[in-house]
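As a plain string of letters, each chain reads:
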2 protein chains.
Amino acid sequence: MLYTVGEMAKRLGIAPSTLRYYDKEGLLPFVERSGGGIRVFKDADYEWLKIIECLKKTGMSLKDIKEFVVMAMQGDETIEPRLSLIVKQKEAVKAQIAELEETLRTLEFKEWYYETAKENGSTDVPRNMTLDELPEQFRDVKVRLRGE
Amino acid sequence: MLYTVGEMAKRLGIAPSTLRYYDKEGLLPFVERSGGGIRVFKDADYEWLKIIECLKKTGMSLKDIKEFVVMAMQGDETIEPRLSLIVKQKEAVKAQIAELEETLRTLEFKEWYYETAKENGSTDVPRNMTLDELPEQFRDVKVRLRGE
DNA sequence: TCTTGACTTCAAGTTAACTTTAAGGTGTAT
DNA sequence: ATACACCTTAAAGTTAACTTGAAGTCAAGA
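Residues numbered from 1 in each chain as written. Chains lettered and ligands numbered in written order. Predicted model: local features only at pLDDT ≥ 70, side-chain atom pairs only at ≥ 80, totals over all residues. Heavy atoms only, no water.

Novice: Account for the sheet that holds strand β1 (residues 2-3) of chain A, naming residues and giving values.
Specialist: All names here are of chain A. Within the open sheet, the three strands sit side by side as β1-β3-β2. Their pairing is antiparallel. The open sheet has two edge strands with one neighbour each: β1 and β2 (32-33). The sheet contact formed by β2 and strand β3 (residues 39-42) spans two bridges and is antiparallel. Residue pairing across strands places Arg 33 opposite Arg 39, the latter belonging to β3. The strands touched by helix α3 (residues 43-57) are β1 and β3; relative to β3, the strand with the most contacts, the crossing angle is about 85°. (Pairing = 2+ DSSP bridges. Helix = DSSP H or I, 4+ residues; strand = E, 2+ residues; numbered from the N terminus. Contact = heavy atoms within 4.5 Å. Axes fitted to C-alpha atoms, helices over the stretch in contact; angles between N-to-C directions.)

Here you go:
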């Protein structure tokens, strides 16, 4: 199957201008052109774009993603650095998940805080509780919020 | 304890200019001033700043965080909308974690892909494997990369 | 052949969240 | 009293990742 920029953008759920921008920035060296100069995307290019999307979700910049794509175009000599990069991003994502899990715990504490405020008609009630009065799963969150 | 903008910034690990910017944007209505016009941060303000940091980590914009802070300044009439907002952000963070876990699975597939390429001296080997040749935990990842 | 819609490039505009700069004021230590 | 580090504001600058606009080209259907 072959696709125009608009068709591929639709398949990916992004704007065609985004694909043109990525191409301009050198992220899509694998995309070919028709005789008339129109971009022709192949199914293999879709896979590439999904990898770019994946790397973007890890927080990588377009500049760094470009380096990865360019490496891949060099062929098999760059297998090792590509592997290292993937492993590095994997660790980065694990760290992001851990941070979001901390954030979630803070939000759960705040949820309890406002539930308790709602039941009692005032935020004074949860705010003035001593550490041993609040549910034990929130004690460390509260301590962290107060300044380690 | 009382702190200047520089001291509080250091305690939070951010730039003083960031705190001044937040103040200018209306995110810090709780911060008071000395007779000479200098910002005076209290320990309770540190807690507020940690909450702002938490909301920022959920992906909320400064504009929306400001609305939350402003609501809190209104007092106990706004307990319910504040609770709703916290619950909404909690769900948003859960979705973000789920998405990062998908991303992680894709990276693990790519790690296997390049490990296999490295062992065989060529990306041809993992690339040309049929679905049933690759480790079964990666089959659905591969299918997704190819286009659902 | 003509129309039409989608394609092309290049340049300029947008947005969020800061950061920097300039010119000047504050407050504490000697 | 003077120095010095740190504070103040306002305005302008930065960055990444797009998005939009203008002017023109390509390709498929009637």
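Anyway, onward from the coordinates.
Novice: How would you explain the interface of chain A and chain B if you had to name every residue and give the values?
Specialist: Every contact between the two is made by 46 residues of chain A and, on the other side, 46 residues of chain B. Regarding the contact of chain A and chain B, the summed buried area is about 4,300 Å², with carbon and sulfur atoms giving 70% of it. Across the contact surface, chain A and chain B share six salt bridges. The residue B:Glu47 makes a salt bridge to A:Lys142 at a minimum N-O spacing of 3.7 Å. Summed over the shared surface of chain A and chain B, the number is twelve residue pairs in polar contact (both at pLDDT 80 or more). Secondary structure elements with two or more residues in the side of chain A that touches chain B: α3, α5 (79-120) and α7 (139-147) of chain A. For the side of chain A that touches chain B, the residue count by class is 17 nonpolar, nine polar and 20 charged. (Buried area = accessible area lost by both parts, 1.4 Å probe. Salt bridge = Lys/Arg side-chain N within 4 Å of Asp/Glu carboxyl O. Polar contact = N/O pair within 3.5 Å; in protein donor to acceptor, adjacent residues only side chain to side chain. Nonpolar A, V, L, I, M, F, W, Y, C, P; charged D, E, K, R; others polar.)

Novice: Report on the side chain of A:Lys50, specifying residues and quantitative values.
Specialist: Counting through the fold element by element, A:Lys50 comes out in helix α3. In contact with A:Lys50, other than residues within four places in its own chain, are A:Leu12, B:Arg144, B:Leu145 and B:Glu148.

Novice: Describe the domain arrangement of chain A, naming the residues involved and giving the relevant values.
Specialist: All names here are of chain A. When its domains are assigned, chain A resolves into domain 1 (1-74) and domain 2 (79-148). Facing seven residues of domain 1, the contacting portion of domain 2 comprises seven residues. The contact between domain 1 and domain 2 buries some 680 Å² in all, and 74% of this surface belongs to carbon and sulfur atoms. Among the residues of domain 1 in contact with domain 2, Thr 58, Phe 68 and Met 71 are the three that bury the most area, contributing 65% of the side total. (Domains from an automatic or database assignment.)

Novice: So what's going on with the pattern of salt bridges? Residues and values would help.
Specialist: Per the counting criterion, the structure on display carries 28 salt bridges over all chains. Residue B:Glu99 pairs with A:Lys57 through a salt bridge whose shortest N-O separation is 3.4 Å. With B:Glu99 in helix α5 (residues 79-120) and A:Lys57 in helix α3, this pair bridges two chains. Judged by its relative accessible area of 40%, B:Glu99 falls in the partly exposed class. Counted as one network, the salt bridges with shared partners bring together A:Lys50, A:Glu53, A:Lys57 and B:Glu99. (Buried < 20%, exposed > 50% of the residue type's maximum accessible area, 1.4 Å probe, protein only.)

Novice: Outline the sheet that holds strand β2 (residues 32-33) of chain B, listing residues and values.
Specialist: Residue and element names in this part refer to chain B. Strand order in the open sheet formed by three strands is β1-β3-β2, and the pairing between neighbours is antiparallel. Two strands lie at the open edges of the sheet, namely β1 (2-3) and β2, each paired on one side alone. Where β1 lies against strand β3 (residues 39-42), two bridges are found, and the strand directions are antiparallel. Paired with Leu 2 across the strands is Lys 42, a residue of β3. The strands that helix α3 (residues 43-57) touches are β1 and β3; relative to β3, the one it contacts most, it runs at about 85°.

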